[in-house]
Amino acid sequence: MSIFRFKHFQVNQSETPMKVGTDGVLLGAWTRIEPTDRRILDLGTGTGVIALMMAQRAAEAEIWGVDIDSVEEARSNGDLSPWGARLHFRQTAVQAFEAEPFDLIVSNPPFFVESLRCPDRGRTMARHAVVLPFEELRDAVVRLLKPEGRFALVLPTTEAERFVQLAAGRLQTIRRTEVCTTPRHAPKRTLLEMTHLASQRPVEPVEELTIGTGEHETYTAEYRALTCDFYLKF
């Protein structure tokens, strides 16, 4: 499917190796938006879907999306949306990106650290921590995040543990949600919200989110409520 349609925008994904998926939509819907958020950054923007979700949810914010690969598809998707004037995309390595600090940074980063690489280069770049090792992602966030800003990301649960350990001493986790596909399965994904160590924000209890009920194409009420502003099927 080259075009993925949401309620208020659509995403052309014909050129981008990694298509719209549950991880990105989960992150875009779960990430906390605050009234004071005026500058939001999407690291590794791909099709621009998370940046578009941020634009829909944060009516007063300017949103930037950066990616080491071409951002022309993301830019086109942004221009066709109702929020094109507030969306800005730049092709650059995150490590080289320079800008004023952001209130909120979001990322669905490359995550397979030790697994075998896919023969398709595009999918390898998107799924493996090849061009953006976790240490360099951490350092970029520390550099680009405002003192009271937040960083939200989604990772497989095992890789989330790895990232939390690598971030220790620089970033702290204040919000965490473990994501299960059905009630019978252990968590496969983890959503994290992090801040600078000096931030005074309280640490919230760990939560759990279950996507499906276990019946075919049947979703839990909590997942429907979280994503209902975006998915057509809800």
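Residues numbered from 1 in each chain as written. Predicted model: local features only at pLDDT ≥ 70, side-chain atom pairs only at ≥ 80, totals over all residues. Heavy atoms only, no water.

**Brief notes about helix α6 (residues 157-167)**
Note that an α-helix has 3.6 residues per turn; residues three or four places apart therefore point the same way.
Consideration 1: Buried within α6 we find Thr-157, Glu-159, Ala-160, Phe-163 and Ala-167. Along α6, the residues classed as buried sweep out an arc of 150° about the axis, all on the same side. The exposed set on the far side of α6, more than 90 degrees from its buried face, consists of Thr-158 and Gln-165.
Consideration 2: Contacts from the buried residues of α6 go to α5 (134-144), β7 (145-156), β8 (171-180) and β9 (189-196).
Consideration 3: Once α6 finishes, Gly-169 follows within two positions and takes phi at roughly 95°, a positive value. (Buried < 20%, exposed > 50% of the residue type's maximum accessible area, 1.4 Å probe, protein only. Helix = DSSP H or I, 4+ residues; strand = E, 2+ residues; numbered from the N terminus. Arc of directions from axis to C-beta. Contact = heavy atoms within 4.5 Å.)

**Overview of the sheet that holds strand β3 (residues 39-43)**
Consideration 1: Strand order in the open sheet formed by eight strands is β5-β4-β3-β6-β7-β9-β8-β10, and the pairing between neighbours is mixed. Looking at the sheet topology across the chains shown, the edges are occupied by β5 (87-91) and β10 (207-210). In this sheet, neighbouring strand axes are inclined to one another by 20° on average, regardless of whether the strands run parallel or antiparallel.
Consideration 2: By the bridge criterion, six bridges tie β7 to β9 in an arrangement that is antiparallel. Within β9, the residue paired with Leu-155 across the bridge is Thr-190.
Consideration 3: Sheet strands touched by helix α1 (residues 22-30): β6 (102-107), β7, β8, β9 and β10. Its angle to β9, the strand with the most contacts, is close to 45°.
Consideration 4: The strands that α5 touches are β3, β6, β7, β8 and β9; relative to β7, the one it contacts most, it runs at about 150°. (Pairing = 2+ DSSP bridges. Axes fitted to C-alpha atoms, helices over the stretch in contact; angles between N-to-C directions.)

**Looking at the confidence of the model for the chain**
Consideration 1: In the predicted model, the chain carries a mean pLDDT of 91, and 91% of its residues have values of at least 70.
Consideration 2: Confidence over residues 112-129 falls short of pLDDT 50; this stretch has 37 contacts with residues more than four positions distant or in other chains. (pLDDT = per-residue confidence, 0-100.)

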